[in-house]
Amino acid sequence: LFFVLEICAFTEDLKGHELPATKREKGESKVFGLAAQAFNVATDPSTCLPGYITGNLVLPPRGIKDAEGVGICAQAFTVGDCQPNSVEIAIADPEVNGGKFEPNSAQRRLLTKGEMFHVPPGNIYRIENHSRKVACTLYWTIIKPFKRRSEE
């Protein structure tokens, strides 16, 4: 059998979709980002390899990716183009505030092009582009857990 294995994805071919909206606090930007999926590779039960999903996230100036829990998955991000020190990652403890993002207790860090971060399983995160002029592109991977055959 002959088949084409898709091993490359090109940014210009990816179609971004507007992120889900949540209610924002007074004074927060109303600008949303666009996320595009490049690959969705299933977990292979015949191996020890986890599944994963990859893509990119574009946050326009003042754009926000609203808080989201990662559940049992982990997520890794690389900051692409952006204004230096304009991308804020906030990670909140899901044990605080009944599993909802709590801005006052979140750990925050400003990032710049080429820097990376990950969100461990069970956590809640939020991303904001503080630049008023420059869009930000992030590249992301969601790592799906591997289930042993004894767990199925």
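Because the structure is predicted, anything quoted here is derived from the model rather than measured. (Residues numbered from 1 in each chain as written. Predicted model: local features only at pLDDT ≥ 70, side-chain atom pairs only at ≥ 80, totals over all residues. Heavy atoms only, no water.)

S.K.: Provide a residue-level description of the pairing of strand 5 (residues 74–79), including the pertinent values.
M.R.: Along any regular strand, the residues point their side chains to alternate faces of the sheet. Here strand 5 pairs with strand 10 (residues 136–143) via six bridges, running antiparallel. Among the inter-strand pairings, Gln-75 is bridged to a residue of strand 10, identified as Ile-142. In this sheet, strand 8 (residues 116–119) lies alongside strand 5 in antiparallel orientation, the contact comprising four bridges. Note on strand 8: the bridge partner recorded for Gln-75 is Val-119. (Pairing = 2+ DSSP bridges. Helix = DSSP H or I, 4+ residues; strand = E, 2+ residues; numbered from the N terminus.)

S.K.: So what about the packing of aromatic side chains? Which residues, and what values?
M.R.: A complete count under the given rule lists two aromatic pairs for this structure. Here the aromatic rings of Phe-77 and Phe-117 are separated by 4.6 Å at their centres, their planes lie at 10°, and the arrangement is stacked. Residue Phe-77 is found in strand 5, and its partner Phe-117 is found in strand 8; the two are separated by 40 residues along the sequence. Accessibility classification places Phe-77 together with Phe-117 in one group, the buried group. Linked through ring pairs, Phe-77, Phe-117 and Tyr-125 together constitute an aromatic cluster. Over the face of the ring belonging to Phe-32 we find Arg-24, whose NZ or CZ atom lies 4.1 Å from the ring centre. (Phe/Tyr/Trp six-rings, centres within 6.5 Å; stacked < 30°, edge-to-face > 60°. Buried < 20%, exposed > 50% of the residue type's maximum accessible area, 1.4 Å probe, protein only. Lys NZ or Arg CZ within 6 Å of the ring centre and 35° of its normal.)

S.K.: Run through the layout of surface pockets, naming residues and quoting values.
M.R.: By volume, the largest pocket amounts to about 320 Å³. Taken together, 17 residues line the largest pocket, and the ones lying closest to its centre are Leu-19, Ala-35, Lys-65, Glu-68 and Tyr-125. When residues of the lining of the largest pocket are assigned to their parent elements, the largest contribution, four residues, is made by strand 4 (residues 64–69). A breakdown of the residues in the lining of the largest pocket according to their chemical character gives 11 nonpolar, three polar and three charged. For the second largest pocket, the calculated volume is near 230 Å³. As for the second largest pocket, its lining consists of Thr-22, Lys-23, Arg-24, Glu-25, Glu-28, Asp-66, Ala-67, Phe-101, Pro-103, Arg-108 and Arg-126. The residue makeup of the lining of the second largest pocket, split by class, is three nonpolar, one polar and seven charged. (1 Å grid on protein atoms, 1.4 Å probe; cavity = no way out; pocket = protein on both sides within 12 Å on 5 of 7 lines; lining within 4 Å. Points joined across faces, edges and corners; volume = space filled by probe spheres on them. Nonpolar A, V, L, I, M, F, W, Y, C, P; charged D, E, K, R; others polar.)

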